[in-house]
Amino acid sequence: MSFPSHRPRRLRRSENLRRMTRETHLRVDNLIMPLFIVPGARVENPIGSMPGIAQLSVDRAVEECKQIRDLGIPGVILFGIPDEKDAVGSDAYSDNGIIQRALRALKEAVPGLTLITDVCLCEYTDHGHCGLVKGNDVDNDATLELLVKESLSHVRAGADMVAPSDMMDGRVGAIRRALDQQGFPHIPIMAYAAKFASGFYGPFREAAESTPQFGDRRSYQMDPANGDEAIREVALDIEEGADIVMVKPALPYLDIIRRVKEEFGHPLAAYNVSGEYAMLKAAALNGWLDEERVMLEALTSIKRAGADLILTYFAKDAARILEQGRAT
Ligand code: PBG
C-alpha cells in the first residue's frame, strides 16, 4: 500500500477535488468580535498597535454592532474602559458603568446579537490588576465577591453571557451560584479556563489601558510552559459549571486547544489575542505577508486544533470573505 499505487497528490489536482476532501471549514458562526467601549459620544480612538481596531463610544459601538450583525457574526465580547479607575474597580459593577450603559443601548438597538461581557477588574482598577490588591498580591477570595457583583450587574443590564477572565480560583462556581440564586439560571458562562501569562496581550493593554502599574500577572495567570496544569484548570471550571471553556492565547497554544478538546469534548473557545492580530497586521502592512491568506490560515488552524469558537479581531474581515465564498 504505497507508492506508486498511493499518490496523495491525486486529490490536490483541482480546486474541486480539494473542496470535496477538505476536512475543516471556518464558518461565520464560529466567530466572536471583541469591542472596546469608552465613555463619550462620537468617539473613535484608533489603537496604534491594532490597525483597524478602535475604542468606541456607545453610539459608535451601536453602529459597529449593526454591521457585525449584518455580516452574520453571532456575537460580540465587550470590554469597558471607564473614565475613572480606582483601587476597587467600582465602575465594573456600577449599574451606570460603561459596560452597563453599552449593554442597555445595544440590547435595544441591535436585538439578535449575542452580547458577551468580559468579567474582570483590570480595565477598571487604577493599579491595573485583575482583582483586589493586598500587599503585593491579588486577594483571591475578596475578589470573588466583586466578580460576582460585576457579573450580576452585567446580566441585569442585558448581557446574554458572562466571560470571567480574571483567573481567580473558584470564580466560575461563585458566579454560577449567584446567577442561579438571582433568577438567571439560563445565562451561560464562558470561562477563560486556561489563560496564560502571555506577552501577546501587549496591544490589548494599550487598548484597555490596563497595564499593571507594578509587578505582573504571573501569580494568577498560567505559566506558558504548562500543559497538564491547563487540563486541571479546565476540569475545575467545568466542574464549577462553565458552559464554554476557553484557551488563550490561541496560536502559540494549539497543542493545549487540541488536548482540551480531546480530553473533555466540551464546547471550546480560543482567543486569537491582540498580539496575534498585531503581528499579522504589521507584517501585512509591510508587504511581508498576504494578509487575507495568513488570516484564514491562522483561523482555520485554530479550528482544526479543536476550537468551536474563535474570539478574534479579524472577525469582520473573515466574515466578509466567508460571505463571498472565497475562503479556502
Ligand atoms: C483581562 C483580559 C485580557 C485580555 C482579555 N481579557 C488582558 C490581560 O489579561 O492582560 C487580552 C485579550 C487580548 O490580548 O486580545 N480582562
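All values derive from a computational prediction rather than experimental measurement. (Residues numbered from 1 in each chain as written. Predicted model: local features only at pLDDT ≥ 70, side-chain atom pairs only at ≥ 80, totals over all residues. Heavy atoms only, no water.)

## A look at the pattern of salt bridges
Spelled out, the test is: Criterion for a salt bridge: a side-chain nitrogen of Lys or Arg within 4 Å of a carboxyl oxygen of Asp or Glu. Strands here are runs of E lasting at least two residues and helices are runs of H or I lasting at least four, both read from the DSSP assignment and numbered beginning at the N terminus. Categorising residues by exposure relies on relative accessible area from a 1.4 Å probe, with only protein chains included: less than 20% of the type maximum marks a residue as buried, more than 50% marks it as exposed, and the intermediate range marks it as partly exposed.
A complete count under the given rule lists 19 salt bridges for this structure. In this structure, Glu262 engages Arg258 in a salt bridge whose closest nitrogen and oxygen atoms are separated by 3.1 Å. Taken together, the residues Glu262 and Arg258, both in helix α8 (residues 254-264) and 4 residues apart, mark about one turn of the helix. By relative accessible area, which is 58% here, Glu262 ends up exposed. Notably, a salt bridge pairs Glu291 with Lys281, separated by 2.7 Å at the nearest N-O pair. One end of the pair, Glu291, is in helix α10 (residues 291-305); the other, Lys281, is in helix α9 (residues 274-285), with 10 residues separating them in the sequence. Look at Lys281 and you get buried, because its relative accessible area is 10%.

## A word on the site of the ligand
The test is simple: Distances are taken per atom, and a residue is near a molecule or strand as soon as one of its heavy atoms is within 4 Å of it. Pairs of N or O atoms within 3.5 Å make up the polar contacts considered here, provided that, within protein, one atom can donate a hydrogen while the other can accept it, and that residues adjacent in sequence are counted only when both atoms are side-chain atoms. All accessible-area figures derive from a Shrake-Rupley calculation using a 1.4 Å probe, and residue coverage is judged against the displayed protein chains alone.
Residues in close proximity to the ligand total 19 residues, the closest being Lys195, Arg205, Lys248, Ser274 and Tyr313. Between the ligand and the protein, one listed contact pairs an oxygen atom with a side-chain N or O atom of Lys195 at 2.8 Å. Interatomic distance of 2.6 Å between a side-chain N/O atom of Tyr313 and an oxygen atom of the ligand. Within the complex, 100% of the 410 Å² of free accessible area of the ligand lies under protein.

## What about the packing of α8 against α10?
Operational definition: Axis lines are fitted to C-alpha atoms, over the contacting stretch for helices. Their N-to-C directions set the angle, which ranges from 0 to 180 degrees. Whether two residues touch is decided by their heavy atoms; if any such pair falls within 4.5 Å, the residues are in contact. Three classes are used: nonpolar for Ala, Val, Leu, Ile, Met, Phe, Trp, Tyr, Cys and Pro, charged for Asp, Glu, Lys and Arg, and polar for all others, with Gly counted as polar.
It is at 8 Å that the axes of α8 and α10 come closest, and there the two elements cross at 35 degrees. For the pair α8 and α10, the contacting residues are Leu254, Ile257 and Arg258 in the first and Ser301, Ile302, Arg304 and Ala305 in the second. Partitioned by chemical class, the residues of the contact of α8 with α10 number 4 nonpolar, 1 polar and 2 charged.

## Quick notes on unusual backbone geometry
Phe3 connects to Pro4 through a cis peptide bond whose omega is 10 degrees. Positionally, Pro4 belongs in the segment before α1 (15-21). For Arg42, which is not a glycine, the phi torsion comes out positive at approximately 50 degrees. Looking at the secondary structure, you find Arg42 in the loop between β1 (31-38) and β2 (44-46).

## Quick word on the environment of Gly173
Locating Gly173 in the fold gives a position in helix α5 (residues 171-181). Gly173 sits 161 residues away from Arg12 along the chain, and the two C-alpha atoms are 49 Å apart.

## Digging into the packing of helix α2 (residues 58-70) against helix α11 (residues 315-323)
Applied cut-off: Left-handed describes a crossing in which the near helix is turned anticlockwise from the far one by less than a right angle; the clockwise case is right-handed.
Orientation of α2 relative to α11, taken along the N-to-C sense of each, is 30 degrees, at an axis distance of 10 Å. In this structure, the crossing between α2 and α11 has a hand that is left-handed. Across the interface between the two elements, Glu64, Gln67, Ile68 and Asp70 from α2 touch Lys316, Arg320 and Glu323 from α11.

## Some remarks on the packing of aromatic side chains
Note the cut-off: Aromatic rings from Phe, Tyr and Trp, with only the six-membered ring used for Trp, were paired whenever their centres fell within 6.5 Å, and each pair was classed as stacked if the ring planes differed by under 30 degrees, edge-to-face if by over 60, and tilted otherwise. For a Lys NZ or an Arg CZ to count as sitting over a ring, it must be within 6 Å of the ring centre and within 35 degrees of the ring normal.
Inspection of every chain in the model, using the stated rule, returns 9 aromatic pairs. Its guanidinium or amino end placed over the ring of Tyr271, Lys248 lies 5.1 Å from that ring's centre, counting from NZ or CZ.

## Focus on α10
Note the threshold: By this rule the span expected of a helix is its residue count minus one, scaled by 1.5 Å.
The first and last C-alpha atoms of α10 sit 21 Å apart over 15 residues, in line with the 21 Å expected at 1.5 Å per residue. Those residues of α10 not exposed but buried are Val294, Met295, Leu296, Ala298, Leu299, Thr300, Ser301, Ile302, Lys303 and Ala305. Its side-chain oxygen placed 3.3 Å from the backbone nitrogen of Glu292, Asp290 serves as the N-cap of α10. Within two residues after α10, Gly306 carries a phi angle of roughly 135 degrees, on the positive side.

## Considerations on a positive patch on the surface
Basically, it comes down to this: A patch is a set of surface residues, each over 30% in relative accessible area and not in a salt bridge, joined within 9 Å for like charges and within 5 Å for the nonpolar side chains Val, Leu, Ile, Met, Phe, Trp and Tyr. Charged residues are defined here as Lys and Arg on the positive side and Asp and Glu on the negative side; His and the ends of the chain fall outside this count. Note that the charge is assigned to NZ on lysines, CZ on arginines, CG on aspartates and CD on glutamates.
On the surface, Arg7, Arg9, Arg10, Arg12 and Arg13 cluster together to form a positively charged patch. Within the secondary structure layout, Arg12 lies in the segment before α1. For Arg12, a relative accessible area of 51% puts it in the exposed group.

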